[in-house]
Amino acid sequence: MDATVRHRKNKSSPKGDPASKGDIEEITSADNHNMLKESIEKLKQMNENINRDSGDGESAPDTPPPETAPDEAVPSSTSTTTTTTTTTTIESTPATKTSVIQRSSTRQKSKTSTKSASPAPPLELSLRLDGMSVSLFVLSFITRIWRLDSPKGIVFDELHYGKYAGLYMQNTFFFDSQPPLGKQLIALAAYLAGFDGNFKFDRIGTPYDPIVPVSAMRVVPAFFGSLLMPTVYNLLVELGLSHYAGALAAFLMIFDNAILAQSRFILMEGILMFFGLFGLLCILKFRRFYNQPYSVPWFACLIVGAASLSACVCVRYFGIFTFLLGLGILSRDFWMMVGDRLVTERQLLGHFLTRAAIFITIPVALYIGCFYIHLSLLYKAGPNDNIMTSAFQASLEGGLASIIANQPVKVLHGSQITLRHTHGRTCWLHSHDAVYPVKYQDGRGSSHQQQVTCYSYKDVNNWWIVKKPEIEELVVTEPHEHIKNGDIIQLVHGLTSRALNSHDVAAAMSPHNQEVAAYIDYNVSMPAQSTWRVEILNSEQTDGHWHAVESQIRLIHVNSSQALKFSGRQLPDWGFRQHEVVTDKLLDQEDTIWNVEEHRYTRNEDKKEREKDLLRSEMIPMERKNLTFWNKLFELQYKMLFNNQENVAGHMYASEPLDWLSLKRGVAYWISANSNAQVHFIGNIVTWLSGTLSLVAYGGLFLVYLLRRQRACYDLPENAWNKFCSIGEILGVGYAVHYFPYFLVDRTLFLHHYIPAYIFKLCLLAAMIEHGHYLVLEYLKAPRLARVYLGVVATWMISILYVFWFFAPVTYGTTDLTADQVMSMAWRDTWDLIIHKQ
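Residues numbered from 1 in each chain as written. Predicted model: local features only at pLDDT ≥ 70, side-chain atom pairs only at ≥ 80, totals over all residues. Heavy atoms only, no water.

Can you help me understand the pattern of salt bridges in this one?
A side chain with one charge may pair with a side chain of the opposite charge, provided their charged atoms come close. Counted under the stated rule, the structure contains 20 salt bridges. For E598, the salt bridge goes to K458, with nearest N and O atoms at 3.4 Å. Here K458 lies in the loop between β3 (450-455) and β4 (463-467) and E598 lies in strand β12 (residues 594-601), a separation of 140 residues in the sequence. Looking at K458, the relative accessible area reads 43%, which means it is partly exposed. When the shortest N-O distance is used, the salt bridge between E778 and K781 registers 3.8 Å. Owing to a relative accessible area of 39%, E778 belongs among the partly exposed residues under this scheme. Under the relative-accessibility criterion, K781 is labelled exposed at 59%. In the salt-bridge network here, residues are joined through shared partners; they are R420, K458, E597 and E598. (Salt bridge = Lys/Arg side-chain N within 4 Å of Asp/Glu carboxyl O. Helix = DSSP H or I, 4+ residues; strand = E, 2+ residues; numbered from the N terminus. Buried < 20%, exposed > 50% of the residue type's maximum accessible area, 1.4 Å probe, protein only.)

Put into C-alpha cells, the structure is as follows:
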C-alpha cells in the first residue's frame, strides 16, 4: 500500500508543491482510517463469534452476530506511516490477528485486576432467595397446617400409616406391599414427638388418644406437599414458560381441595409427588450445564435428580413412572449429544458411563438402604408374620421363632409335621372327618374319600406323620431313619390315621386336575395310591436331607407323577369354605412348593396317646440359624410383588379411570360420630374440568400445527414451536404415563390414585393458558383482545377460589354441618356421597 501511495504522489504532483502534498496526506489518512475501522470491526465480530461458540449454551447456536459494532477512536497523533503499516500488517498476517486479540484480552484483564485489587475476605457467604418460590411455599404451608390436629380421629388411610408408625416404635414386623421410605419419615416424626406406639389404629373414625402426636405426624406430608408448589413453579419456568405461568400452576394446586386433603393428613401422595417432580426439575436444570461437563453444578443436578427420583420409587412403587420419565428426558438429551460432531466418541462414552453409574448406584443404594433400616428396626414377630415363609418367621423374635426354637431339624421316619404352602397364600395342608360329596353340583362323581384342604389357620388337624411305606410303626426308632431327597414316603393324618392319597378322579373345583383325599378303604375296586416322592428343591443347603423350615419340597405322587398343589380355589359350604388341594402334571410352579413349619417326633404308638402328644410341646433342643439380610430382602421383595393385600373388592367408593376425568365419584375420608362434620376427598370442579379441556386443546392444537407445518405453513416461530413441543414431551407424556397404566391394573381403584397424573394435567393447563395469551397477542396482534383474555382468566381464578372456599368445610373437617349445608354441596354422583354415613 505504501508503494501505491508513493507512486501516486510522485506521478500526480510536482516535487515540493505544498498544496499537493497536503491533499495526498489527507486522502491517505482518510483511506487508512476507514480501512483500520473495517479491520477492527472484523476482529470484533470474530471475537464475538468465538465467545458465542464457547458460551454457556443458553443462546441458540444460530443467533446472528450484531449488524454493527461500535467504533473505536483512532488517536489523532498517529503518523501516516505508522497507521499505514499497522493496517497493512493486520490485513495481511492471520497470526497478528490472534496477537491483537490476546493484547486486547490482556488489557481487559489488567483493567479487571486493577478494579479488584482489594483482597478478598477470608469467609464470604451469599444467599439468594426466590421471592416467588418462598411466597408460594408459605401460602401453601399455611393452607395445610391450619388446624392441623382436626379432625381428632383416624382419617381414611391414616388407619394404615399411623399403625405402621406405631409398629416401628415397638420394633414389630408388619407387611405392606409398598416400599417403606414414606412410612419411615412419618415414624421418625412420631419418634421425635415421643410416640410410644401403644395406640391401636383399629378403624376409621376412632378418636385419637392424647398420647398420639397427630400434628407431628401430619406435618410431614403437609411440609412435603407445600414444597411441591415452588417445585412446580420452577419446573414450568425451566421449561421456558413465564414466571406467571409457573405461579398460576402453583395457584391451581394450592387451591385444589383434593391435593390439599392428600397433603394434609397422614398419606403418601404429597411426599411421593414432591420427590418425583423435584427430581424432574433437577434433570431439566442439568441441561443448563451442557457445555460445563463434570463441573460441580453438573454433578450436583445429576446426583440430586437421581436421588430424588429414587426416593419417589421408595415411597410408592407407582413412582417408577416418574423415574422412567426422568430417565427418558436424560436419554433424549444424550441422543441429541450423539449428533453433536464437536463431542468425540471417547467423550460420548464417558458421558454415558457417568450417567449410567449415577442412575444405577444411587437408586440401588437408596432402595436397599431404606429396606435395611426397615428390617433392622422390625425384628419382633407381629400380626402379619404368617404372610412370610416359615424361615423368615423363625428369624423374628417371638411368634413362630419361640415355637420352633427348640424343635428338631431333620425330618425322620415317625416325624410329626405341619406342611405349609410356601409361596402365595398362607395355608397348611389339612384334613378332617368330612368326605367329598358323592356327586358335585355339575353332576360329576367324586371319590367320596376324606377331604384334604389347605386351611389358613393353625389347627390340630394340620398335623401329619411321615412314614416309610415298608415300615409299619409310626414312631421314631433307633437308629434314626433320615428322609433324603428322592425318598418315597407316606403322609398319615395325625388324628384320623388316614394316608394322603390321590386317584384318577377330577378335582371338585379344578376338573382338569386330579383330586387329593385321605384314603378310606370302602372295600371296592379302588386300592390306595398313597405313596409320594420327596423332591427337595434346595438340597445343596441341607446335604440332601429333609429339614424342617429350611427345606423347600415338592411331593410327587408316585402313581400319576403329578405334584401336590394348592389350586387357589375355594371349596363350597360342604368343604367349609377352605381351599382346594389337587395334583398337577405341571411340576415346576410355585403353588407346588411346600415346607415343614412345625416339627416334633412321635414317641407313642398308641393312637389316643399320640393324639395327646400332638397337643403337647415336647421338643429336642437344637440351635437354629437366623436368615441373613439379603435372604430376608429377597423374600420380602417377592411377597411385596406377588402378595398384594390392597385389593378391596366391591368398595362403595371405588371408581374407574374414565370416571376420574370428570370427577364423577369422590371418597368419604372421615365422618364424625357426634355431628355432621366430615372429610371428603373431592377436587375443585373448576380446575378439574378445565384441566381435562386443556388436554383436548393441546392435542387438537398440536395436530393442527403439525399438519400446517407439513404444508410449509409455520404459524409459530421456531422457538415458540420448540417450547410447545417441549410442553407436550414433559407434561403431556408425564400425564399419560401416570394415567393410562391404571387401565391395566386389576385391583380396586380410588380417585386419589389419579393425583400424580392430575398434577401434570394442572401444569399443562397453566401452559395452555399462557399459550392462548401468546396466540391472541402475537399471532392475532390484538392487544385489546389480549386484555379481555386476561380478564376472563382472572374471573376464572376467582371462581376457583370460590369453589375452594365453598367445599373447605368438607376438606378440613373442622365444621359441624347442618343437613341443608350437606345437601347444598351435593353435585352429581360425587357430592351425593357426602350425605352417606360410613
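Can you help me understand the confidence of the model for the protein in this one?
Note that predicted coordinates carrying low pLDDT should not be read in detail. Residues with a pLDDT of 70 or more make up 78% of the protein, whose mean pLDDT is 82. Across residues 1-28, confidence stays below pLDDT 50; counting only partners more than four residues off in sequence or on other chains, it has 13 contacts. The low-confidence segment residues 827-838 (pLDDT under 50) makes 39 contacts with residues lying over four places distant or belonging to another chain. (pLDDT = per-residue confidence, 0-100. Contact = heavy atoms within 4.5 Å.)

So what exactly am I meant to see when it comes to the nonpolar core here?
When a protein is soluble and globular, its nonpolar side chains tend to lie buried together. Counting 151 residues, the largest nonpolar core has L277, F359, L731 and W796 as its most contacted members. For this core, the element with the most residues is helix α22 (residues 755-779), which contributes 14 residues. Aside from chain neighbours lying at most four places away, what touches L277 is L228, T231, V232, L235, I759 and F760. With 28 residues, the next largest nonpolar core counts L429, C454, I489 and V596 among its residues. (Core = buried A, V, L, I, M, F, W, Y, C linked by side-chain atoms within 4.5 Å.)

Can you walk me through the environment of H547 in this structure?
Mapped onto the elements, H547 comes out in the loop between β8 (532-536) and β9 (553-557). Overall, H547 belongs to the buried group, its relative accessible area being 11%. Residues H547 and V411 lie 136 residues apart in sequence; the distance between their C-alpha atoms is 5.7 Å.

Before we go on, may I ask you to explain unusual backbone geometry in this structure?
Most of the time, phi is negative for any residue but glycine, and the peptide bond is trans. Residue P151 is reached from S150 by a cis peptide bond, and omega for that bond is -5°. Position of P151 among the secondary structure elements: in the loop between α5 (131-145) and α6 (158-169). A positive phi angle, near 55°, is found at N171, a position not held by glycine. Position of N171 relative to the elements: it lies in the loop between α6 and α7 (181-192). Of note, V549 is a non-glycine position whose phi angle comes to about 70°, a positive value. Secondary-structure assignment places V549 in the loop between β8 and β9. The buried category is assigned to V549, whose relative accessible area is 4%.

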